[in-house]
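# Structure at a glance
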Amino acid sequence: MGADVKSGAKKDNSKFIMTLLKGRTFIVLIVLLVFFSIVNDKFLAVTTLTMLAKHVALYGILAIGMTFVIITSGIDLSVGSVVGLVGMLVGGMIQEGVTINSLGVTLYFSVPVIVVIGLLVGCFVGWVNGLIITKLNVAPFITTLGTMYICRGLANLRSGGATFSSIQGYEGLGNTGFKVMGSSVGIIPVGAIFLLVLAVIGAVLLRKTAFGWHVLAVGGNEKSSRLSGIKTDRIKIYAYVISGFCAALVGMINTAQLAAAHPASGDSWEMNAIAAAVLGGTSMSGGSGSIIGTIVGAFVIGVINDGMTMCGVSEFWQKVIRGVVIILAVVVDQMQRNMQEKMALQSRNENK
């Protein structure tokens, strides 16, 4: 009798702890909001929250693409450099056009065409990453580390390291309007609207479509997925293409927000994307994750970054703290997985 009571109490405690672990990101977000609002009374001001929404939109969109990649047991270190590369390509096309020396002409494209070109560049980088990883069997870390340097180098080569500071376009050339991507509708940034739309699409894609189920299956057990008929290589390539698409979109939104394109844009943003995804419950081991959790994770990263900046914390210490956050997120994720395995084992033993 006493043993049954103790066993029941232990099981209830385990369930309670599991509930806390599953909701850890939301709990951390609330605690951070309360903490920074107490430390700085301007933190919850409308202007501050609008700026926070702009930053969260950038981190969140990047993290959505990263979520698909990590679920397949991969990693994409190139996204920050793709942000810079696409920003430079788009800024250059608006400010200088595309010069064809052999013909002696300079072409200027409309903004919709420029946006499509930027997205295609991001998708191409993602496709190359996926192709090298799946067909040449190169580790995702090494592959995307290489493309990270390539993209950052190309971004600098586009202008010799200089900034494109005139991206408003020219009325006579029909290439104005790009800055709308960095504007706001009332107090809501356009980037936040993009984030909302992509979050809905990403959540439906991951949980309600065959592609999403295949992504989860590949990350959970690639060998079994292949034996069951899933085209695992194709799924992985698509995941990296999605990541490249998201990075390209962020590159254009960031350029529009800054009203300028700089080759260093997006530097180290891949760390924010990884941290947001992992904080949101996406397992670094692959096979599990959610878009909603990732968005909450992006809010946590945004609040930490903006809160520390408003409190005057050194950029060097901010990097240290972000690193600690990533490590803690992975440790807690492993704790959750271990506890889930123990609870599942106990449940099986009780049913025997």
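Residues numbered from 1 in each chain as written. Predicted model: local features only at pLDDT ≥ 70, side-chain atom pairs only at ≥ 80, totals over all residues. Heavy atoms only, no water.

## Side note on the overall build of the protein chain
The helix and strand inventory of the protein chain stands at 13 helices and 4 strands. Seen through its C-alpha atoms, the protein chain measures out along the principal axes to roughly 90 × 55 × 35 Å. The buried share among the 352 residues of the protein chain stands at 45%. Look at the contacts in the protein chain between residues 6 or more apart in sequence, and 77% of them connect residues 24 or more apart. Surface accessibility of the protein chain: about 17200 Å² in total, with carbon and sulfur atoms responsible for 68%. When the 25 positive and 15 negative side-chain charges of the protein chain are each reduced to one mean point, those points stand 8 Å apart. (Helix = DSSP H or I, 4+ residues; strand = E, 2+ residues; numbered from the N terminus. Buried < 20%, exposed > 50% of the residue type's maximum accessible area, 1.4 Å probe, protein only. Contact = heavy atoms within 4.5 Å. Areas by Shrake-Rupley, 256 points an atom, 1.4 Å probe, with all protein chains shown as cover. Lys, Arg positive; Asp, Glu negative; His and termini not counted. Charge placed at Lys NZ, Arg CZ, Asp CG, Glu CD.)

## Re helix α7 (residues 190–208)
Each turn of an α-helix holds 3.6 residues, which means side chains three or four residues apart point in the same direction. The terminal C-alpha atoms of α7 lie 27 Å apart, and with 19 residues this matches the ideal 27 Å at 1.5 Å per residue to within 8%. Within α7, the full set of buried residues consists of Val 190, Gly 191, Leu 195, Leu 198, Ala 199, Gly 202 and Leu 206. Check the buried side of α7 and you find it contacts α3 (46–71), β3 (184–185), β4 (188–189), α8 (210–220), α10 (232–258) and α12 (291–310). (Expected span 1.5 Å × (residues − 1).)

## As for the packing of aromatic side chains
Scanning the model with the defined rule gives 7 aromatic pairs in all. Measuring from centroid to centroid gives 6.1 Å for Tyr 59 and Trp 269, while their planes differ by 90°, and the two rings are edge-to-face. Residue Tyr 59 is found in helix α3, and its partner Trp 269 is found in helix α11 (residues 269–279); the two are separated by 210 residues along the sequence. Judged by its relative accessible area of 9%, Tyr 59 is buried. Among the residues examined, Trp 269 registers a relative accessible area of 16% and is labelled buried. Ring-pair connections join several aromatic residues into one group, and the members of that group are Phe 35, Phe 36 and Phe 43. (Phe/Tyr/Trp six-rings, centres within 6.5 Å; stacked < 30°, edge-to-face > 60°.)

## Description of the side chain of Asn 175
Among the structural elements, Asn 175 can be located in the loop between α6 (140–157) and β3. The buried category is assigned to Asn 175, whose relative accessible area is 0%. There is a polar contact of 3.2 Å between the side chain of Asn 175 and the backbone oxygen of Ile 94. For Asn 175, the residues in contact, after removing those within four places along its chain, are Met 93, Ile 94, Tyr 108, Phe 109, Val 111, Gln 168, Gly 169 and Tyr 170. (Polar contact = N/O pair within 3.5 Å; in protein donor to acceptor, adjacent residues only side chain to side chain.)

## Regarding the packing of α11 against α12
Axis separation between α11 and α12 bottoms out at 7 Å; the angle between their running directions is 125°. The orientation of α11 relative to α12 falls into the category oblique. Crossing of α11 over α12 shows right-handed handedness. On α12, the residues that touch Asn 272, Ala 275, Ala 276, Ala 277 and Leu 279 of α11 are Gly 293, Thr 294, Gly 297, Ala 298, Val 300, Ile 301 and Asn 305. A per-class count over the contact of α11 with α12 returns 7 nonpolar, 5 polar and no charged. (Axes fitted to C-alpha atoms, helices over the stretch in contact; angles between N-to-C directions. Parallel < 35°, antiparallel > 145°, perpendicular 65-115°, else oblique. Left-handed = near helix turned anticlockwise from the far one by under 90°. Nonpolar A, V, L, I, M, F, W, Y, C, P; charged D, E, K, R; others polar.)

## Digging into the environment of Val 111
Note that Val 111 resides in helix α5 (residues 111–135). On a C-alpha basis, the gap between Val 111 and Thr 176 in space is 6.7 Å, while along the polypeptide they are 65 residues apart. If we ignore the near neighbours within four places in the chain, the residues touching Val 111 are Asn 175, Thr 176, Gly 177 and Phe 178.

## A word on the nonpolar core
With 84 residues, the main nonpolar core has Ile 61, Leu 62, Ile 64, Phe 68, Phe 178, Met 181 and Met 252 as its most contacted residues. In terms of residue count, α3 provides more of this core than any other element does, 14 residues in total. Setting aside residues no more than four positions away along its own chain, Phe 68 makes contact with Gly 202, Leu 205, Leu 206, Phe 211, Val 215, Ala 239, Ile 242 and Ile 291. (Core = buried A, V, L, I, M, F, W, Y, C linked by side-chain atoms within 4.5 Å.)

## Here's the deal with unusual backbone geometry
One non-glycine residue, Ser 73, adopts positive backbone phi at about 70°. Summarising the element assignment, Ser 73 is placed in the loop between α3 and α4 (79–95). Exposure remark for Ser 73: the relative accessible area of 39% places this residue in the partly exposed category. The backbone phi angle of Ser 268 is positive, close to 70°, even though this residue is not glycine.

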